[in-house]
Amino acid sequence: MALDLCTLPDLKGYLEGMSNVDKYDVLLSSLITMTSKRFESYCGRVWDNNGGNDITEYFDGGGKSFVIVKRIPVASVTSLHDDTARAYGADTLINTTEYVIYNDDGLIELDDGGYFADGRKNVKVVYKGGYTATTIPEDLKLACIMEAAKTFEMRKRLGVESQSNQGGSVVIATTPVGPTQLLPEVRAILNIYRSYRQ
């Protein structure tokens, strides 16, 4: 289950005049979850920390010197194996002194010019990482609030190019940001968290 990057009160506080209105709570909650999942897809990340439990990921070694895990920040690495036979025994365990962890990027790099063997799913990483509801970075939370608010506000304008009122008519801009496009400010924030694999 995806971790919601902001709360319903966060979003309602951002939307003008919505703080004490509960008519749209179900819709707004759904938009928060959908936006959080969309951000995971865009960034190539998984936000939640798996309840603080170990996470296991497998990678093709490909002669590379590093792997990038999905859950950031990396809290700790329990084990790192390089085994082309995929048995992941003690003889293929890489010592903790032989790699460096870049916690915020989710990058684990072999030290001293080492490379993983060329193989399929030969690199096994067991680690702890990801966010909890109380550790979500403020900029990521703001991005979720802004994008969910945009989606909510645009829901009545889908497919509308102009609108007439008593005082005249208004042409509604459909570019540069449409209902399915990320706001430029949001995209700039997400690019900070985007996996190098993207």
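Residues numbered from 1 in each chain as written. Predicted model: local features only at pLDDT ≥ 70, side-chain atom pairs only at ≥ 80, totals over all residues. Heavy atoms only, no water.

### A word on the side chain of Glu-57
Okay, step 1: Note that Glu-57 resides in strand S1 (residues 55-59).
Okay, step 2: Polar side-chain contacts of Glu-57 include one of 3.2 Å to the backbone nitrogen of Lys-70. (Helix = DSSP H or I, 4+ residues; strand = E, 2+ residues; numbered from the N terminus. Polar contact = N/O pair within 3.5 Å; in protein donor to acceptor, adjacent residues only side chain to side chain.)

### Some details on the sheet that holds strand S5 (residues 107-110)
Okay, step 1: What the three strands build is an open sheet, ordered S2-S5-S4; its pairing is antiparallel. Of all strands in the sheet, those bounded by a partner on one side alone are strand S2 (66-68) and strand S4 (99-102). Recorded for the sheet is a direction-independent mean angle of 15° between the axes of neighbouring strands.
Okay, step 2: Inspection of the sheet shows S2 paired to S5 by three bridges, in the antiparallel sense. Across the sheet, the residue bridging to Val-67 is Ile-108, located in S5. (Pairing = 2+ DSSP bridges. Axes fitted to C-alpha atoms, helices over the stretch in contact; angles between N-to-C directions.)

### Description of the nonpolar core
Among soluble globular proteins, nonpolar side chains are generally buried collectively.
Okay, step 1: Grouped together as the largest cluster of nonpolar side chains are 30 residues, with contacts concentrated most on Phe-39 and Trp-47.
Okay, step 2: Broken down by secondary-structure element, the contributors of at least two residues to this core are helix H2 (25-43), helix H3 (138-154) and helix H4 (184-193).
Okay, step 3: When residues no more than four places from it in sequence are discounted, the contact partners of Trp-47 are Leu-3, Leu-5, Ser-36, Phe-39, Glu-40, Gly-130, Tyr-131, Leu-140 and Tyr-193.
Okay, step 4: Membership of the second largest hydrophobic core comes to 15 residues, among which are Val-69, Val-77, Tyr-99 and Val-123. (Core = buried A, V, L, I, M, F, W, Y, C linked by side-chain atoms within 4.5 Å. Buried < 20%, exposed > 50% of the residue type's maximum accessible area, 1.4 Å probe, protein only. Contact = heavy atoms within 4.5 Å.)

### Regarding the pattern of salt bridges
Okay, step 1: Inspection of the entire model under this criterion finds seven salt bridges.
Okay, step 2: The residue Lys-128 makes a salt bridge to Asp-54 at a minimum N-O spacing of 2.7 Å. Remark: Asp-54 occurs in the loop between H2 and S1 and Lys-128 occurs in strand S6 (residues 123-129); sequence separation between them is 74 residues.
Okay, step 3: Assessed through its relative accessible area of 35%, Asp-54 is described here as partly exposed.
Okay, step 4: Lys-150 is the partner of Glu-147 in a salt bridge, and the nearest nitrogen-oxygen pair spans 2.6 Å. Of this pair, Glu-147 and Lys-150 both sit in helix H3, three residues apart, which is roughly one turn of that helix.
Okay, step 5: What makes Glu-147 buried here is its relative accessible area of 1%.
Okay, step 6: Residue classification places Lys-150 among the buried positions, given a relative accessible area of 9%.
Okay, step 7: A single salt-bridge network, built from bridges that share partners, covers Arg-38, Glu-147 and Lys-150. (Salt bridge = Lys/Arg side-chain N within 4 Å of Asp/Glu carboxyl O.)

### What about H2?
Okay, step 1: Taking 1.5 Å per residue as the helical rise, H2 with its 19 residues ought to reach 27 Å, and the 27 Å between its terminal C-alpha atoms agrees with that figure.
Okay, step 2: Considered for burial, the residues of H2 that qualify are Asp-25, Leu-28, Leu-31, Ile-32, Thr-35, Ser-36, Phe-39, Glu-40, Tyr-42 and Cys-43.
Okay, step 3: Against the buried residues of H2 lie helix H1 (8-14), H3 and H4.
Okay, step 4: The positive-phi residue at the C-terminal boundary of H2 is Gly-44, with phi of around 70°. (Expected span 1.5 Å × (residues − 1).)

### Describing the pairing of S5
Okay, step 1: In the sheet, S4 pairs with S5 via four bridges, with the strands oriented antiparallel. Opposite Tyr-102, over in S5, you have Leu-107 as the bridge partner.
Okay, step 2: Two successive antiparallel strands, S4 and S5, enclose a turn made up of four residues, where Gly-106 displays a positive phi of approximately 75°.

### Here's the deal with unusual backbone geometry
Okay, step 1: A cis amide bond links Ile-72 to the next residue, Pro-73, at an omega of -10°.
Okay, step 2: With respect to the helices, strands and loops of the structure, Pro-73 is situated in the loop between S2 and strand S3 (74-82).
Okay, step 3: Unlike most non-glycine residues, Asn-50 shows phi in positive territory, near 60°.
Okay, step 4: As for its placement among the helices and strands, Asn-50 is situated in the loop between H2 and S1.
Okay, step 5: For Asn-50, a relative accessible area of 29% corresponds to the partly exposed category.

By themselves, these are just geometric observations and shouldn't be taken as functional.
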